[in-house]
Amino acid sequence: MPERALNRICYVEDDEDIQRIVRMSLERIGKMAVSVVSDPTKAIEAIAAFKPDLVMLDWMMPAMDGPTLFKQMKTRPETSGLPVVFITAKAAQRDLDELMALGAAGTISKPFSPKDLPDQLRAIWTKLP
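The rules behind these values
Residues numbered from 1 in each chain as written. Predicted model: local features only at pLDDT ≥ 70, side-chain atom pairs only at ≥ 80, totals over all residues. Heavy atoms only, no water. Helix = DSSP H or I, 4+ residues; strand = E, 2+ residues; numbered from the N terminus. Polar contact = N/O pair within 3.5 Å; in protein donor to acceptor, adjacent residues only side chain to side chain. Phe/Tyr/Trp six-rings, centres within 6.5 Å; stacked < 30°, edge-to-face > 60°. Buried < 20%, exposed > 50% of the residue type's maximum accessible area, 1.4 Å probe, protein only. Pairing = 2+ DSSP bridges. Right-handed = clockwise from strand over helix to strand, strands pointing away.

Would you mind showing me how to read the environment of aspartate 17 here?
One can find aspartate 17 in helix α1 (residues 16–29). Each C-alpha atom of the pair aspartate 17 and alanine 43 lies 19 Å from the other, and the pair is 26 residues apart in sequence. Of note is the side chain of aspartate 17, whose polar atom sits 2.4 Å from the side chain of arginine 20.

As structure tokens, then:
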């Protein structure tokens, strides 16, 4: 179990409505600092600058999907060790299994309840090595 609390989250998501819902859920209900990145091609630099405790990646995005970004993060020293949670509505179980095998911390399915999201993330956080 991580020694520190889950306080800083970077969320990579292109949909502005979902960005707003997640930000409200995590900041107001979860009392967490949130950085939202809408362009996945700029995400690694933004993540490295923000230094989050955990990264949430949307699965389906234009320009670059979440799994591709996750694999790129794994190759960079500044982001390779960060726990990553996928937010997805469409991923097949075998895709999720593959990402878990690559080191993803967990997945959250859309639609999700904004009031439950902080607790879902904390549950994943407490299971981390």
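What is the right way to look at the packing of aromatic side chains in this model?
For any pair of aromatic rings, the description rests on two quantities: the centre-to-centre distance and the angle between the ring planes. All chains considered together, the criterion is met by two aromatic pairs. A ring pair is formed by tryptophan 59 and phenylalanine 86, whose centres lie 5.5 Å apart and whose planes are at 65°; its orientation type is edge-to-face. Remark: phenylalanine 86 occurs in strand β4 (residues 84–88) and tryptophan 59 occurs in the loop between β3 (54–58) and α3 (66–74); sequence separation between them is 27 residues. Ring centres of phenylalanine 70 and phenylalanine 86 lie 5.5 Å apart, and the angle between their planes is 80°; on these two criteria the pair is classed as edge-to-face.

I would appreciate a short explanation of the pairing of strand β1 (residues 8–12) in the present structure.
Moving residue by residue along a regular strand, the side chains alternate between the two faces of the sheet. Among the five residues in β1, four count as buried, and that is most of the element. Two strands pair when backbone bridges link them, and β1 and strand β2 (residues 33–37) are joined in this way by five bridges, in the parallel orientation. Considered in β2, the bridge of cysteine 10 is made with serine 35. Handedness of the β1-α1-β2 crossover: right-handed. The pairing of β1 with β3 spans four bridges and is classified as parallel. When the sheet's bridge partners are listed, valine 12 is paired in β3 with leucine 57.

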